[in-house]
Amino acid sequence: MKKILVVDDSSTVRQQVGMALQQAGYAVVEAGDGVEGLAMLEKGGISMVICDVNMPRMSGLDMLENLKRDARHANIPVVMLTTEGHPGLVERAKKAGAKGWIVKPFKAELMIAAVGKLVGA
Amino acid sequence: MNIVWAWLTKSNNGHALDDAPGLDSAKLRKMSSAISDFREKLVKRVRTVNETTSNEVKEAAHFLNAVVISARAYVADSQKALSRLQGEGNDSIGQLLSKQSEFLRKHATDMSERAAAQDERARNAALAAKSIADLAASIERLAGEARLLAVNARIESSRLGAQSAGFEVLASEMQRLSDEVASTNERVGELAGRLGHDLPWIAQHARDFRHAMEDFSATAGVQLDETERGVTELRMQVTRASKAGSAAIEDILRASQAALSHLQFQDVVAQELRMLDGQARDAQVQALKSAEAEPAVVAEVPDAEYTTMGGAEAGSPVTASGEVMLF
């Protein structure tokens, strides 16, 4: 079973994303910000990361850049899940190696389709 | 405060206060203070909205999750029951019915064959009893002839006198033997008669039993065929019902997800308030800058700290919610 790391400072959003992913057959682990997210990656076994942008301590974009600098995690696909739609931020994420951008409130079926495309069922 | 509101509702290019007429340093400080008050209320409001929304969404998510879990459990149970009925696995109802049908058919056939064999043997035994009776009649006839022969021998012996004493003894023995044969044969005849009376009855019952078993075998076969047809029909109906149930559950899951997605919109309220606060903060900083206030005064401006559900930065419009872009 593919394991997805969901990073968001909102526990409600984590719960909702997690529920949608679990119903689609994925295992889910959670982190409350970028620092926790990187720590979870160290434990290994993560197939994909779904990450908020605005978070305390370390933003999603900073976490993305850190992750991509680490050769062990560089190939893990990252999708940003955020209320942000600013072209500059989207461009920055794309440049840093993000695989996608989902605007909140998310639609579960579209998100699951995107996850399926990136890591398979 | 009207100026503040006017500034807040304009596009925030960071220079609007410089162009405002009649704003001296004191007025700007006063305005900064008003903005600060406004921001504090705003922060309080954002926190309340966040807290309420978070609680409500969590509660809703909790209930929807319970619905989803129950629905999933129902589907799993239905599929398990269906799988038992469909004949997957050795303990399935389908397999058990097939085994029982096979067992009943085999035993019905076996008993029918045994009944046929019993019928045949009973008839053979009746025929044998009749043959014995015929043989007994023959022996009776032979014994009668032997007795007659002994009587004649005795008559001839008496005519010869003393010289035929040995022949007389032989004739007497012959008479005795023929009498014993006749007596034994009489008992054999009696037994053959009894057998001749009983065996046809046994043969008739064996025949009746055979017909009954053949009827039972045929009826059981028809009933088992009907049972199997019924089970097949039941399987089809349960499969259809299960599919319909699964589809309904999927609808429930989709509706639950949709409900949760709609609940997420509540988060946007707090985010919009936060954006508004970001603009107010910029206005406050701008007012203090315009008033040429000391840096320490700027530092005293309370910073907004939120625990928004999704988080948003000031000035970033929330558009195309739910949109997914893959690079």
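Residues numbered from 1 in each chain as written. Chains lettered and ligands numbered in written order. Predicted model: local features only at pLDDT ≥ 70, side-chain atom pairs only at ≥ 80, totals over all residues. Heavy atoms only, no water.

Colleague: How would you sum up the packing of helix α2 (residues 34-42) of chain A against helix α3 (residues 60-69) of chain A? Please name residues and give values.
Modeller: Two packed helices can be described by the angle between their axes and the distance between those axes. Residue and element names in this part refer to chain A. Look at α2 against α3: their axes get within 9 Å of each other, and the N-to-C directions meet at 25 degrees. Taken together, the axes of α2 and α3 lie roughly parallel to each other. Every pair of crossing elements has a handedness; the one defined by α2 and α3 is right-handed. Across the interface between the two elements, Gly34, Gly37, Leu38 and Leu41 of α2 pack against Met63, Asn66 and Leu67 of α3. Classifying every residue of the contact of α2 with α3 gives four nonpolar, three polar and no charged. (Axes fitted to C-alpha atoms, helices over the stretch in contact; angles between N-to-C directions. Helix = DSSP H or I, 4+ residues; strand = E, 2+ residues; numbered from the N terminus. Parallel < 35°, antiparallel > 145°, perpendicular 65-115°, else oblique. Left-handed = near helix turned anticlockwise from the far one by under 90°. Contact = heavy atoms within 4.5 Å. Nonpolar A, V, L, I, M, F, W, Y, C, P; charged D, E, K, R; others polar.)

Colleague: Can you lay out helix α5 (residues 108-119) of chain A for me, pointing to particular residues and giving the numbers?
Modeller: All names here are of chain A. With twelve residues, α5 should reach 16 Å at 1.5 Å per residue; the first-to-last C-alpha distance of 16 Å fits that figure. Considered for burial, the residues of α5 that qualify are Ala108, Met111, Ala114, Val115 and Val119. Taken end-on, α5 shows its buried residues confined to a sector of 130 degrees, consistent with a single buried face. In α5, the exposed residues that point more than 90 degrees away from the buried face are Glu109 and Lys117. Within two residues after α5, glycine 120 carries a phi angle of roughly 85 degrees, on the positive side. (Expected span 1.5 Å × (residues − 1). Buried < 20%, exposed > 50% of the residue type's maximum accessible area, 1.4 Å probe, protein only. Arc of directions from axis to C-beta.)

Colleague: Requested: an account of the confidence of the model for chain B, with residues and values cited.
Modeller: Residue and element names in this part refer to chain B. Of all residues in chain B, 76% have pLDDT values of 70 or greater, and the mean over the chain is 73. Confidence scores differ between elements of chain B, with helix α6 (residues 295-299) showing the lowest mean pLDDT of 45 and strand β1 (residues 324-326) the highest of 84. Scored below 50 in pLDDT, residues 10-16 shows six contacts in the model against residues more than four places distant or in partner chains. In the predicted structure, residues 295-319 sits below a pLDDT of 50 and forms 68 contacts with residues beyond four places in sequence or in another chain. Interface predicted TM-score (ipTM) for the complex: 0.84; the corresponding pTM is 0.40. (pLDDT = per-residue confidence, 0-100.)

Colleague: Tell me about the pattern of salt bridges, and please be specific about residues and values.
Modeller: All names here are of chain B. Applying the stated criterion to the full structure yields 16 salt bridges over all chains. Between aspartate 134 and lysine 130 there is a salt bridge, with the nearest N and O atoms lying 3.8 Å from each other. One end of the pair is aspartate 134 and the other is lysine 130, both in helix α4 (residues 93-160) and four residues apart, which spans about a single turn. Assessed through its relative accessible area of 44%, aspartate 134 is described here as partly exposed. Measuring nitrogen to oxygen at the nearest pair gives 2.6 Å for the salt bridge that ties arginine 176 to glutamate 180. Highlighted residues: arginine 176 and glutamate 180, both in helix α5 (residues 165-290), separated by four residues, approximately one helical turn. For arginine 176, a relative accessible area of 39% corresponds to the partly exposed category. Among the residues examined, glutamate 180 registers a relative accessible area of 42% and is labelled partly exposed. (Salt bridge = Lys/Arg side-chain N within 4 Å of Asp/Glu carboxyl O.)

Colleague: Describe the environment of B:Val75, with residues and values.
Modeller: Residue and element names in this part refer to chain B. With respect to the element layout, valine 75 can be found in helix α3 (residues 25-86). Expressed as a C-alpha distance, the spacing of valine 75 and alanine 247, which sit 172 residues apart in the sequence, is 9.8 Å. Not counting residues up to four positions away in its chain, the partners in contact with valine 75 are Ser246 and Ile249.

Colleague: Got a sec to walk through the sheet that holds β1(B)? Specific residues and values, please.
Modeller: On the basis of which strands lie adjacent, the open sheet formed by six strands has the order β2(A)-β1(A)-β3(A)-β4(A)-β5(A)-β1(B) and mixed pairing. Because the sheet does not close on itself, it has two edges, and the strands there are β2 (27-31) of chain A together with β1 of chain B. Within the sheet, the average angular offset between the axes of one strand and its neighbour, ignoring direction, is 20 degrees. In this sheet, strand β4 (residues 78-82) of chain A lies alongside strand β3 (residues 48-51) of chain A in parallel orientation, the contact comprising three bridges. Residue A:Cys51 lies in a different strand from β4(A), and its bridge partner there is A:Met80. Contacting β1 (3-7), β3 and β4 of chain A, α3(A) runs over the sheet at an angle of about 175 degrees to β4(A). (Pairing = 2+ DSSP bridges.)

Colleague: Hey, could you go over the environment of A:Leu89 for me, with residue numbers and the actual values?
Modeller: Along the chain, the position of A:Leu89 falls in helix α4 (residues 87-96). Placed 28 residues apart in sequence, A:Leu89 and A:Leu61 show a C-alpha to C-alpha distance of 8.4 Å.

Colleague: Got a sec to walk through unusual backbone geometry? Specific residues and values, please.
Modeller: Residues and elements named next belong to chain A. If you check the backbone angles, arginine 57 has positive phi at about 65 degrees while not being a glycine. Topologically, arginine 57 is positioned in the loop between β3 and α3. Given the relative accessible area of 63%, arginine 57 is considered exposed.

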